[in-house]
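Coordinate analysis (summary)
Okay, here's what each chain looks like letter by letter:
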Amino acid sequence: MGEFCRSTIFFSDQHLCYADILPPSQISRNSSNSRVSRGLLTGDSWIFLSSSFYTRSLTRENSAKSFIRVWKVMEMCYQILVQEKRVTQRELYYMLLCDSPDYFTSQLQVNRTIQDLVALLRCSRYSLGIMASSRGAIAGRLLLQEPDKEVVDCSTCGSSGYAISGDLELLENLTMETDARYIIMVEKHAIFQRLAEDGVFNQIPCILITAKGFPDIATRFLLHRMCQTFPNLPVLGLVDWNPAGLAILCTFKFGSIGMGLEAYRYACNIKWLGLRKDDINQLIPEECLVPLKPRDLQIAKSLMSSEILQDSYKEEVAAMVQSGRRAEIEALYCHGYDYLVKFLATKIVQANYL
């Protein structure tokens, strides 16, 4: 055990690519990449977040509990897999809270330990028996078929759309067909419902997808899978003109650094369709703008300090901060409830996205 402890380091390789996880022999470390520090966006359609590492030694006195947490989670995951069960991170937290209350006092501790275990074993969390909790929905010109199930036509699922399963294995095995020309990611469920109710996919051949706010893993995974299955379909994002809206778009675009080795499974090359500052200047009345909140300014500061964010996105953030205002997609309703579809059609025809 002593020899093992002296040689063990948990690390999260942040190098993302459309490929298998790099084996350890292909990974190099030096003093400049000892922590997650920066990332880059290549000119290719696949996203590279960072080639840096986050390292954690288990030999230090203050890391003893972290070491034990990893073994506790590993033990619990083993029990889950033996029973052929799947649990969410929340369910796992309560199981650990009952089993090992001295080591797990918060959901965050469980989440971080899961990431340590993913990095240590170089596997996905789903392979550990941990499934995603999904809030997402999809609608439009897409046929889906689960194994041994009937085909689902997502254009006939009503304004609420087809609920995205949290079972990543099921999503991995979905058979998909489409005649769409675009995939539109919609930040808000209410806007998703409006577009689905108005039959936007009958006017613009598209697929609509939403995570109903900040993106969950299952929705990101399904969007990534669609990008793989339909590589010629551009993915366009419709979000509020505020820092939180852009942060949501960037989570789809760049993945989440906190996902570590798994992140490549969830990123896609999404373009920013709107709302953007030109839309605000031309279409949104002054009275429809509302002041930025302190939380908006915190997110804006984080976005501006990012080395992976492209300049055109940072210009948008700077414009938000300078104006001190933000605008929601619903502000377009001042032109009528049917204007949203016209807005999307005009921007898509003009290829007006970043």
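Parameters at a glance
Residues numbered from 1 in each chain as written. Predicted model: local features only at pLDDT ≥ 70, side-chain atom pairs only at ≥ 80, totals over all residues. Heavy atoms only, no water. Helix = DSSP H or I, 4+ residues; strand = E, 2+ residues; numbered from the N terminus. Buried < 20%, exposed > 50% of the residue type's maximum accessible area, 1.4 Å probe, protein only. Contact = heavy atoms within 4.5 Å. Areas by Shrake-Rupley, 256 points an atom, 1.4 Å probe, with all protein chains shown as cover. Core = buried A, V, L, I, M, F, W, Y, C linked by side-chain atoms within 4.5 Å. Pairing = 2+ DSSP bridges. Axes fitted to C-alpha atoms, helices over the stretch in contact; angles between N-to-C directions. Phe/Tyr/Trp six-rings, centres within 6.5 Å; stacked < 30°, edge-to-face > 60°. Parallel < 35°, antiparallel > 145°, perpendicular 65-115°, else oblique. Arc of directions from axis to C-beta. pLDDT = per-residue confidence, 0-100. Disulfide = S-S within 2.5 Å. Polar contact = N/O pair within 3.5 Å; in protein donor to acceptor, adjacent residues only side chain to side chain.

1. Considerations on the overall build of the protein chain
Check the secondary structure of the protein chain and you find 13 helices and 13 strands. Expressed as a percentage of its 354 residues, the buried residues of the protein chain come to 48%. Put simply, 76% of the contacts in the protein chain that link residues at least 6 apart link residues at least 24 apart. Per element, the accessible surface of the protein chain, about 17,000 Å² overall, is 50% carbon and sulfur.

2. Concerning the nonpolar core
Here is a general trend for soluble globular proteins: nonpolar side chains tend to be buried in one another's company. Membership of the largest hydrophobic core comes to 81 residues, with the highest contact counts inside it found for Ile 138, Leu 195, Leu 208 and Met 226. Element by element, the count of residues in this core is highest for helix α8 (residues 217-229), at 7 residues.

3. Here's the deal with the sheet that holds strand β3 (residues 137-140)
Strands sit in the order β6-β3-β9-β8-β10-β11 across an open sheet of 6 strands; the sheet is mixed. Of all the strands in the sheet, just β6 (162-163) and β11 (270-274) have a single pairing partner and so form its edges. Pairing geometry for strand β10 (residues 235-238) and β11, over 4 bridges, is parallel. By the bridge assignment, Gly 237 is partnered in β11 with Trp 272. This element, α8, spans β3, β8 (182-186), β9 (206-210) and β10 of the sheet and lies at about 160° to β9.

4. Section: the packing of aromatic side chains
Scanning the model with the defined rule gives 4 aromatic pairs in all. Here Phe 67 and Trp 71 contribute two aromatic rings whose centre-to-centre distance is 6.3 Å and whose plane-to-plane angle is 65°, an arrangement assigned as edge-to-face. Taken together, the positions of Phe 67 and Trp 71, both in helix α2 (residues 64-82) and 4 residues apart, correspond to about one turn of that helix.

5. Here we look at the pairing of β3
Neither face of β3 is exposed, since Ala 137 and Ala 139 on one face and Ile 138 and Gly 140 on the opposite face are all buried. Looking at chain direction, β3 and β6 are connected through 2 bridges and run antiparallel. Opposite Ile 138, over in β6, you have Tyr 162 as the bridge partner. Two elements, β3 and β9, share 4 bridges in a ladder whose sense is antiparallel. Each bridged residue has a counterpart across the sheet, and for Ile 138 the counterpart in β9 is Ile 209.

6. Notes on the sheet that holds strand β5 (residues 151-153)
Strand order in this open sheet of 3 strands is β5-β4-β7, and the pairing throughout is antiparallel. The outermost strands of the open sheet, each flanked by one partner alone, are β5 and β7 (175-177). Going across the sheet, the axis of each strand differs from the next one's by a mean of 20°, ignoring polarity. Pairing between strand β4 (residues 143-145) and β7: 3 bridges, direction antiparallel. When the bridges of β7 are listed, Leu 143 appears paired with Glu 177.

7. Side note on the packing of helix α6 (residues 189-197) against helix α13 (residues 339-349)
For the pair α6 and α13, the least separation of the axes is 10 Å and the interaxial angle reads 90°. The pairing of α6 with α13 is recorded here as roughly perpendicular in orientation. From α6, Ile 191, Arg 194 and Leu 195 reach across to α13, where they touch Leu 340, Val 341 and Leu 344.

8. A few points about helix α3 (residues 89-99)
At 3.6 residues per turn, the α-helix brings residues three or four places apart onto the same side. Leu 92, Tyr 93 and Leu 96 are the residues of α3 that are buried. Buried residues of α3, viewed axially, fall in a sector of 105°; they line one side. In this structure, the buried residues of α3 make contact with α2 and α4 (107-121).

9. Regarding the pairing of β10
Burial along β10 is two-sided: Val 235 and Gly 237 facing one way and Leu 236 and Leu 238 facing the other are all buried. Pairing analysis gives 4 bridges linking β8 to β10, with the strands arranged parallel. When the sheet's bridge partners are listed, Ile 183 is paired in β10 with Val 235.

10. Concerning the confidence of the model for the protein chain
Mean pLDDT over the protein chain works out to 80, with 79% of the residues at or above the 70 mark. The low-confidence segment residues 1-53 (pLDDT under 50) makes 118 contacts with residues lying over four places distant or belonging to another chain.

11. Some points on the state of the cysteines
For the coordinates displayed, the defined rule picks out 0 disulfides. Cys 268 takes part in no disulfide bond, and the closest cysteine sulfur, belonging to Cys 227, lies 4.3 Å away.

12. A short note on the environment of Leu 297
Position of Leu 297 among the secondary structure elements: in helix α11 (residues 294-304). On the basis of relative accessible area, Leu 297 is assigned to the partly exposed category, the value being 43%.

13. Some thoughts on the side chain of Asn 242
With respect to the helices and strands, Asn 242 occurs in the loop between β10 and α9 (243-254). On the accessibility criterion, Asn 242 (6% relative accessible area) is buried. Here Gly 245 takes part through its backbone nitrogen, which lies 2.6 Å from a polar atom of the side chain of Asn 242.

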